[in-house]
Amino acid sequence: MNNMIYTIKPEHHGIQDLTQILQEHPEIQFVSFMGVDIGGNGTDEKIPIKLFIKDMAEMLKFGIQTDGSSVELQGIADLNNARVDILPDINCNWFIDYNYENYNSINSLPVGTLKIPSFIIHDGKQVCSRSILKRAIINFKSELMNLIEKNPRISEYYGFKYENVEEIQLTCATELEMWVKTPEQSADFEELHTSQILKEQYWKRTMGTVRTVIEKIMNMLELYDLKPEMAHKEVGGIANKIDAKGRITHVMEQLEIDWRFSSAIQAADNEILVREIIEDQFRHHGLEVLFKAKPIEGVAGNGEHTHLGVALKLKDGKRINLFTPDDIHKDYLSEIGYGALMGLLKNYEVINPIVTATNDAFNRLKPGFEAPVCIVTSLGGTKEAPSRNRSVLVGVIRDVENPNVIRFELRSPNPYSNTYLVIAASYQAMLDGIANVINAGLSCEQLEKEITKSYGDDAVYLEKYREYRSEEDVFERFTEDERSKLYGIAPATVWENLSNLESNKLKQQILKSGDVFTDELINSFKESTLQKWKNELTGRIIHDNIMLLKTFIKLHNEQDHATDLDVVNWERIVYLKTKLMKDSMTKKCIFTKIKTAIHEGHYEIASDLQKQMNEKMSEIRRLYIEYKNNIF
């Protein structure tokens, strides 16, 4: 195993180096060009290594041709024009994906596939998620350099000369949460809920198979040079069940795994690799991994907090965090830092549809679960006290003892958010804020006042009838109506989110700046997201709800000493079940109404009905638990 390689760095992507590496490692038997479509899905194909070596020069220059009608490029790679080219990216790390269930006969090592992150090209244009992020990076760096050049006070503030700047660096990282469970087994909801309320599992010691797999995963991340930082239990889960022979028979735990930040596009590539490693390792040990935003109703969901930073690298090697103020005891952020934070908050209505693009994602974003549904930030009670407010959308990570760590934590993404597009949209929004505050020439003191503004106060950049900062838990401090007034009404369905994207034409221009997101790509994303919303709602969610409702059966009779509470609860349950799933000759149930509305293209009606469905399903779950617990 010591002879295995796990990454091939950009400096070794030349034909001569590559040929030598592949000939020295016969266990690497395939090549896969990984393009990433608008839905965030990585393509995977098996090209024999002999063919790749033979045609390497041509493949590295022109890529490979394939049919794009089966990937998520709606409105772009249609059936009448489906050909796409997948062009390898020679400027990022390439990974070796090993199959530990298949071994090479020459050296008995696992068979490996060289995975090359790539761009998808259609009609001569790069149309994939990776290319959107690539353009966002180029646009951000170029525009910020222009702003620095035109405003000498910025370089004076940080103490450098413009001509000594080597590059702008965008640093990103994601935190990956997941549920791990024994396949085809489920835990009692009340036990899970109680364990979460008591925080019995949070940061607890892992045991048995879960501990073994986590340790293997962390070691593998080290082999891939991803620099793992931490793995731990999250708040969800229950203690493992053990049989008479001491074997663990039931696993239901929530975990989090973190690794070191990287450049923006490399961070997104790394996440795909990490997710595959996690899935492979747990599956190999007989456990199932759930990356859904809300795998289990009523208990903690899976987040994927996304960290965003901006730094300046000088020709002498010095690195300057552009969010850090010159005196961290005097100011929370620098001028650029305030601008970036304001840009994220002001333009979040057009970022949110990208972050929250699935029905499952909205199941997680509910008040009461530390859900970041309000467009608000927290800077900290004082300059010396970092913010610990977990109810905000954007956290400001800062440390007075280590000023260079200052960055933003976008708390709304989940493991199925398209990280490439989330990062791209975020930097586009941040650039808009930076440009506006720099051109306005406001001091850090003035910028702090602006982001702390009250509802109705005039502002230079932020919106007048909004607030953007809270140092309190917004769910405890404000009512739902107050939150909607101060921070805007949070969308509750995929359709509402897409409608916000469509209606915010001015903010949509922020995404299009520098041709990062084009009309064609935005429309493709909207069409793809809309199709998944419709198909999942009518083909899966309603079906699953029907199956669940059929399990809610009457448990009492006259001989069971039923109380009036039992009778009232059961009558309410029957009423809700009827409203949801039972048609009559004159009235249609909510499920039927949803299907009809979607079939007829009345998506706003379907969205409103979906909200009614969700409310009634939550009520009936709660009622049935109460009813069941009250029966002898």
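Counting starts from 1 at the beginning of each chain's written sequence and moves along it residue by residue. Where local features are concerned, this predicted model is filtered to residues with pLDDT of at least 70; where side-chain atom pairs are given and counted, the filter is 80 or more; whole-chain, interface and lining totals use all residues. Note that water and hydrogens are dropped before the side-chain values are worked out from all heavy atoms of the structure.

(A) Layout of the overall build of the protein. Along the protein, the regular secondary structure elements total 21 helices and 20 strands. Each radius of gyration is computed over the set of C-alpha atoms, and the globule rule expresses the reference value as 2.2 Å times the number of residues to the power 0.38. Relative to its length of 632 residues, the protein is compact, with a C-alpha radius of gyration of 26 Å against a globular reference of 26 Å. Considered along the principal axes of its C-alpha atoms, the protein spans approximately 85 × 70 × 55 Å. Per-residue accessibility, obtained with a 1.4 Å probe over protein chains only, is compared with the maximum for each type, and a residue is labelled buried under 20%, exposed over 50%, and partly exposed between these values. Every one of the 632 residues in the protein was classed for burial, and the buried ones make up 54%. Taking contacts inside the protein between residues at least 6 apart in sequence as the whole, the part at least 24 apart equals 72%. Counting from the N terminus, the helices are DSSP H or I runs at least four residues long and the strands are E runs at least two residues long. Contacts were defined at the residue level, with two residues in contact if any of their heavy atoms lie within 4.5 Å.

(B) Highlighting the side chain of H556. Within the secondary structure layout, H556 lies in the loop between α18 (519-549) and α19 (564-581). Owing to a relative accessible area of 11%, H556 belongs among the buried residues under this scheme. Two N or O atoms count as a polar contact when they lie within 3.5 Å, although within protein this holds only if one can serve as hydrogen donor and the other as acceptor, and sequence-adjacent residues are included solely when both atoms are side-chain atoms. At 2.6 Å, the side chain of H556 forms a polar contact with the side chain of Y627. Among all residues touching H556, those that are not within four sequence positions of it are A562, D566, V567, W570, Y627 and I631.

(C) Fine view of empty space enclosed by the protein. Here the term cavity refers to a set of points on a 1 Å grid, laid over the protein atoms alone, in which a 1.4 Å probe fits but cannot get out; the term pocket refers to an open set having protein on both sides within 12 Å along at least five of seven lines, with lining residues being those that place an atom within 4 Å of a point. Grid points are joined across faces, edges and corners, and a volume is the space filled by probe spheres set on the points. Applying the stated criterion across every chain yields a total of three cavities of 30 Å³ or more. Reported here for the largest cavity is a volume of approximately 100 Å³. D97, Y98, Y100, M220, Y224, L273, E276, I277, D280 and Q281 together form the lining of the largest cavity. Those elements that place two or more of their residues in the lining of the largest cavity are β6 (94-103) and α8 (264-284). Top element by residues in the lining of the largest cavity is α8. It accounts for five residues. Charged residues are taken to be Asp, Glu, Lys and Arg, nonpolar residues to be Ala, Val, Leu, Ile, Met, Phe, Trp, Tyr, Cys and Pro, and polar residues to be all remaining types, Gly included. A class-by-class count of the residues in the lining of the largest cavity yields six nonpolar, one polar and three charged. Quantified by volume, the second largest cavity comes out at close to 60 Å³. What lines the second largest cavity is simply I38, I132, I354, L421, L501, L511, F517, L521, I522 and F525. Ranked by residue count, the leading element in the lining of the second largest cavity is α18, at three residues. For the lining of the second largest cavity, the per-class residue count stands at ten nonpolar, no polar and no charged.

(D) Representation of the pairing of β6 in the model. Strand pairing follows a simple DSSP-based rule, namely that at least 2 bridges must link the two strands. Direction of pairing for strand β1 (residues 7-8) relative to β6: antiparallel, over a ladder of two bridges. Paired with T7 across the bridge in β6 is F95.

(E) View of the packing of helix α4 (residues 129-150) against α8. One can describe the packing of α4 onto α8 by two numbers: an axis separation of 9 Å at closest approach and a directional angle of 155°. It follows from the interaxial angle that α4 and α8 lie roughly antiparallel. The segment α4 lies against α8, with R130, L133, K134 and I137 engaging A264, I265, A268 and D269. Residue classes in the contact of α4 with α8 are distributed as five nonpolar, no polar and three charged. To obtain each axis, a line is fitted to C-alpha atoms, and for helices this fit is confined to the stretch in contact; angles are then taken between N-to-C directions over 0 to 180 degrees. Orientation is classified from the angle alone, with under 35 degrees giving roughly parallel, over 145 giving roughly antiparallel, 65 to 115 giving roughly perpendicular, and any other angle giving oblique.

(F) Spotlight on the packing of aromatic side chains. Here is the rule: rings of Phe, Tyr and Trp (six-membered ring for Trp) pair when centre to centre is within 6.5 Å. Planes less than 30 degrees apart are stacked, more than 60 are edge-to-face, and the remainder are tilted. In total, this model carries 17 aromatic pairs according to the counting rule given. Every member of this aromatic cluster is reached through a ring pair, and the members are Y6, F95, Y98, Y100 and Y224. Its end group placed over the ring of F119, R130 keeps NZ or CZ at 4.9 Å from the ring centre. Criterion for a charge above a ring: Arg CZ or Lys NZ at most 6 Å from the ring centre, at most 35 degrees from the ring normal.

(G) Examining the environment of A57 more closely. Secondary-structure assignment places A57 in helix α3 (residues 56-62). Sequence separation between A57 and L176 is 119 residues, and the spatial gap between their C-alpha atoms is 37 Å.

(H) Fine view of the side chain of S131. As for its position among the elements, S131 is in helix α4. Judged by relative accessible area, which is 0%, S131 ranks as buried. Within polar-contact distance, the side chain of S131 engages the backbone oxygen of Q126 at 3.4 Å.

(I) Structural context of the pairing of strand β2 (residues 28-34). In terms of residue burial, β2 counts as a mostly covered element, since five of its seven residues are buried. For β2 and strand β7 (residues 110-122), the ladder comprises six bridges, and the chain directions are parallel. Within the sheet, the bridge partner assigned to I28 lies in β7 and is G112. Direction of pairing for β2 relative to strand β3 (residues 47-48): antiparallel, over a ladder of two bridges. From the neighbouring strand, F30 faces β3, where its bridge partner is P48.

(J) Highlighting the pattern of salt bridges. Here a salt bridge means any side-chain nitrogen of Lys or Arg lying within 4 Å of a carboxyl oxygen belonging to Asp or Glu. Counted according to the given criterion, the structure contains 34 salt bridges. Two residues, E409 and R411, come together in a salt bridge whose shortest N-O distance is 3.4 Å. Each member of the pair E409 and R411 is classed as buried. Put simply, R540 and E536 hold a salt bridge, and the shortest N to O gap is 3.9 Å. One end of the pair, R540, and the other, E536, are both in helix α18, four residues apart, so they sit about a helical turn from each other. When its relative accessible area of 24% is taken as the criterion, E536 is described as partly exposed. It is possible to trace a salt-bridge network through shared partners that takes in E349, E463, R466 and K507.

(K) Local environment of α19. One less than the residue count of a helix, multiplied by 1.5 Å, gives the span that helix is expected to have. Compared with the 26 Å implied by 1.5 Å per residue over 18 residues, the 26 Å span of α19 between its first and last C-alpha is a close match. When we look at burial in α19, the residues that qualify are D566, N569, W570, I573, L576, K577 and L580. Burial along α19 is one-sided: seen end-on, the buried residues are contained in an arc of 125°. Counted as exposed and oriented over 90 degrees from the buried face of α19: D564 and E571. The directions considered for the arc run from the helix axis to the C-beta atoms.

(L) Region of the structure containing unusual backbone geometry. Even without glycine at this site, D225 takes up a positive phi of about 60°. By the secondary structure assignment, D225 is in the loop between α7 (208-223) and β10 (228-237). You can call D225 partly exposed: its relative accessible area is 34%. A positive phi angle is found at D515, which is not glycine, with a value near 55°. For D515, the location among the structural elements is in the loop between α17 (505-512) and α18. Given a relative accessible area of 55%, D515 falls into the exposed group.

(M) A look at the packing of helix α20 (residues 590-599) against helix α21 (residues 603-629). In contact at an axis separation of 8 Å, α20 and α21 are set at 160° when each is read in the N-to-C sense. In terms of orientation, α20 lies roughly antiparallel with respect to α21. Our pair here, α20 against α21, has a crossing hand that is left-handed. Residues I590, F591, K593, I594, A597 and I598 of α20 pack against Y603, I605, A606, L609, Q610, Q612, M613 and K616 of α21. Residues belonging to the contact of α20 with α21 are distributed by class as follows: ten nonpolar, two polar and two charged. Crossing handedness is defined as follows: a turn of the near helix away from the far one that is anticlockwise and smaller than a right angle gives a left-handed crossing, while the clockwise case is right-handed.

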